[in-house]
Amino acid sequence: MKAAPLDGAEKAAARRAARAIDALRRGWPIGVSAGGQQLNLLPVETGSLEAALPASGSVSLLISASRAATLKLLNQFAAADPNLPIQIRLAAPVTAAEIIAIVDPVLDMQYPMKGPFRSETLTNPKAAIAAMELARHGALLPAFLIVDEAEDIVEAEDVAAYADSTALTISAHARLPVAANAEAHIYGFRSDADATDHIALVIGKRDASTPVVRLHSECLTGDVLGSLKCDCGPQLHAALEQMGEASWGILLYLRQEGRGIGLINKLRAYALQDQGFDTVDANQRLGFAIDARDFSIAARMLDLLNVPKVRLLTNNPEKVEGLEACGVTVEERLPVKIAANPHNEFYLDTKRDRTGHQL
């Protein structure tokens, strides 16, 4: 088995990032350091806002660029980089409910009148960008209240060490008979940076041919609960059947729920879809990229399995581009054909209309 353990400095950086993510999920403030300055931030979703909000003066709020666009806020101070987070100032007193209504798009119809807001110069752009990534890794809404103090300190550069896919190693391997193939084998992958585990299921007996490979992002609602709102479960089982019909294949089951935004945020996206937004708009209104998945993880898993070339089962050309950008040769793209149902017909059609292919 190949391994690329982090060195001492990288381990320390990944550990600081992991502690910062844990602090954010617990609602504790963190300090993000960059350029010799520290930006202290309290996560809006989990933090004790009422205790942190002043009775007078003003408060500063950090939100993502895409959420700011939904609120019709222009990035007046960073026109050269429209993807920079936006910092806005609110006159105190302001309540926690008002802050949450600003950052949670699910509440937009309940509280449609917001603002006007006053943008201000980003206190520390590099630290702000890192904070948004930490929120995504923690599956939290990307929004922070700027505060005076924080105990858990992280360097902006630490985020890269936390997300370093080269730290993945094969941690376990066993035979696992499955319906698609009784001779299947399962491999577990773990990193000494990110605590997330990923799985590869090898279908059939390996030979010299190029395997049929499916990159499947975890979908609890579709894969396990049988959700009719998406096509994830049917795609998973159809892919396994196609692998069973081939010489051999590999299912890479990636723990990147909701295309990288996490389970809770995916449920928020479902709520936005019920309000009439398609899956692309829902992710952007939440403050995330359309697709936040990291294809380097899949590439690393294939490398550890000594698989340099694949026949990729996907309806999404961006998966081909993502893998090839990471050094994996895609010899062929094989479609996965799934019939729509009354619950996901609009969901699938809007994905095709907005992106030209199914996501």
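Cut-offs and rules
Residues numbered from 1 in each chain as written. Predicted model: local features only at pLDDT ≥ 70, side-chain atom pairs only at ≥ 80, totals over all residues. Heavy atoms only, no water. Axes fitted to C-alpha atoms, helices over the stretch in contact; angles between N-to-C directions. Helix = DSSP H or I, 4+ residues; strand = E, 2+ residues; numbered from the N terminus. Parallel < 35°, antiparallel > 145°, perpendicular 65-115°, else oblique. Left-handed = near helix turned anticlockwise from the far one by under 90°. Contact = heavy atoms within 4.5 Å. Pairing = 2+ DSSP bridges. 1 Å grid on protein atoms, 1.4 Å probe; cavity = no way out; pocket = protein on both sides within 12 Å on 5 of 7 lines; lining within 4 Å. Points joined across faces, edges and corners; volume = space filled by probe spheres on them.

Regarding the packing of helix α12 (residues 295-304) against helix α13 (residues 317-325)
Packed helices, taken two at a time, are described by the angle their axes make and the gap between the axes.
Here is step 1: Packing of α12 against α13 brings their axes to within 9 Å, and their N-to-C directions diverge by 60°. By the angle class used here, α12 and α13 are oblique. Read as a crossing pair, α12 and α13 show a hand that is right-handed. Here α12 contributes F295, A298, A299 and L302 to the contact with α13, which in turn contributes E318, K319, G322 and L323.

Points about the sheet that holds strand β8 (residues 168-175)
Here is step 1: One open sheet accounts for seven strands, arranged β8-β9-β10-β12-β11-β13-β14; its pairing is mixed. Looking along the sheet, the strands with just one partner apiece sit at the ends: β8 and β14 (329-334). Recorded for the sheet is a direction-independent mean angle of 25° between the axes of neighbouring strands.
Here is step 2: Here α12 sits on the sheet in contact with β8, β9 (185-191), β10 (198-204), β11 (212-217), β12 (248-254) and β13 (309-313), set at roughly 140° to β12.
Here is step 3: Running over the sheet, α13 touches β11, β13 and β14 and is turned about 170° from β14.

Digging into the layout of surface pockets
Here is step 1: The calculated volume of the largest pocket comes to roughly 840 Å³.
Here is step 2: Surrounding the largest pocket, 32 residues form its lining, H137, Y162, D194, T196 and R255 being those nearest its centre.
Here is step 3: Those elements that place two or more of their residues in the lining of the largest pocket are α1 (8-26), α5 (125-137), α9 (257-260) and α10 (263-274).
Here is step 4: Of the residues forming the lining of the largest pocket, the biggest block, three residues, is contributed by α1.

Without other data, these values stay purely geometric and don't point to any function.
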